[in-house]
Structure formats: C-alpha cells, structure tokens
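# Summary of the model geometry
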Amino acid sequence: MNGQLKIVSGSLRGRRLNCNVDSNLRPTSQRAREALFSLLGNAIPERPFFDVFAGSGVVGLEAISRGASSCTFVERDIRLLNNLERHIEEFDVAEFADVARSDAYRWAERWVPPLEPVNIFISPPFVDFKNKMSLLVEMTTLFQENIAEDSIIVLQGEHEVPLEGLPRIDEWEDRRYGRNHLLIWIKS
C-alpha cells in the first residue's frame, strides 16, 4: 500500500515522503512525531541525531528539518534505503545525512559516539521486543554507558511491548500516543 508522510515543522515543513507501507514498515505517526519533537524541544538544534531502525527515515528527516546538526540513518532493508536516499537528495539535505546500511544491532556494537550530547531514536520492528529483546537490551545498555551527558535516548514500541528487561527502567519517562509508546531517557 502506498502512503505519504508529511514533515511537520522546520525547514522541510510540508514536504512529503512517498513510501510503501506494509507489515514490516510502520512509520511513526504524525501525532507521535509531533509529541516526540515537542518533548525534545531545544535538544534538537545543533545536535547529532541517530535514527536507528530508520525505516522510511521520516523521524530523522524531521530532526534535520528542525535543526539537527546531522542525522545518521541506520537501516538494513535496501528498498527502504533506496527510497530514503532519494528523499535525502530531493530535499537537498545530503550534507546533513549519513546512511548506515547495516543491521542496527551490529552497528551499535561498533558505533563510537561523539563526545558531544546526541539524540538517539530507536524504533525496532515491534516483533523485536519479543524475539530479540536481549539484543535490544544490549544495544540500549551500550548507548546508555557510552553517550555523553545530556544525551537523550528515545525508544519507541507499541503499547503492549514487554519493557521489564530494559536497563534502568525506573529512569525512563513513559509517554503513550495511540498505539505508540515512547520511552525517554536522559543521561545525567
């Protein structure tokens, strides 16, 4: 099924991404994106953004639109990446975008975070909360241990995801927007 996603705010406001929506691609809804970027607010401009399990790339493109200094899109599906790269070119934001063609879990193992604060948006396939929870916990722990102070991690899942195994679960702020469940963690 073909769909369109709209950039909500910033320099790319109103630009549309065409994408094929299926059971493997469930783009973050406009409502959840608006809430996410409202929560992040002043933590977006001039800060690197990492869109892990990027899918359509709409979240990372929204971050660029709102002034992120750069965005790294991590995705392994070649069809999604080809579409994302086309949008990056069409929107003339290639200088701010880096595309990592990789399995996100393997990428996280090798990633060396910058010394400055970053924003990391993790939106794994919802089935990973059941089938790959140990890898998701390992990835999240690596991020928590290695990122600079004032960095923010946002984990997106569905309202039914099992979260008991997440590291430092009592330190996450929990927000729900329809079926979207956003967990926010700030390194202090």
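This write-up is about the structure you can find in this document.

## As for the environment of Ser188
Take Ser188: it is sitting in the segment after strand E9 (180-186). Residue class for Ser188 comes out exposed when judged on its relative accessible area of 79%. Sequence-wise, Ser188 and Ala148 are 40 residues apart; in three dimensions their C-alpha atoms are separated by 8.8 Å.

## Here we look at the pattern of salt bridges
Per the counting criterion, the structure on display carries nine salt bridges. Between Arg76 and Asp103 there is a salt bridge, with the nearest N and O atoms lying 3.2 Å from each other. Of the two residues, Arg76 sits in the loop between strand E4 (70-75) and helix H3 (78-90) while Asp103 sits in the loop between strand E5 (97-101) and helix H4 (104-110), which places them 27 residues apart along the sequence. On the basis of relative accessible area, Arg76 is assigned to the exposed category, the value being 56%. Put simply, Arg33, Glu62 and Arg66 are held in one network by salt bridges that share partners.

## Here's the deal with unusual backbone geometry
The phi angle of most residues is negative, glycine excepted, and most peptide bonds adopt the trans form. At Glu46, a residue that is not glycine, the phi angle is positive and equals roughly 65 degrees. With respect to the element layout, Glu46 can be found in the loop between helix H1 (30-40) and strand E3 (48-52). At Asp150, a position not held by glycine, the phi torsion is positive, near 75 degrees. Checked against the element boundaries, Asp150 lands in the loop between helix H6 (133-146) and strand E7 (152-158).

Thresholds, definitions, all that
Residues numbered from 1 in each chain as written. Predicted model: local features only at pLDDT ≥ 70, side-chain atom pairs only at ≥ 80, totals over all residues. Heavy atoms only, no water. Helix = DSSP H or I, 4+ residues; strand = E, 2+ residues; numbered from the N terminus. Buried < 20%, exposed > 50% of the residue type's maximum accessible area, 1.4 Å probe, protein only. Salt bridge = Lys/Arg side-chain N within 4 Å of Asp/Glu carboxyl O.

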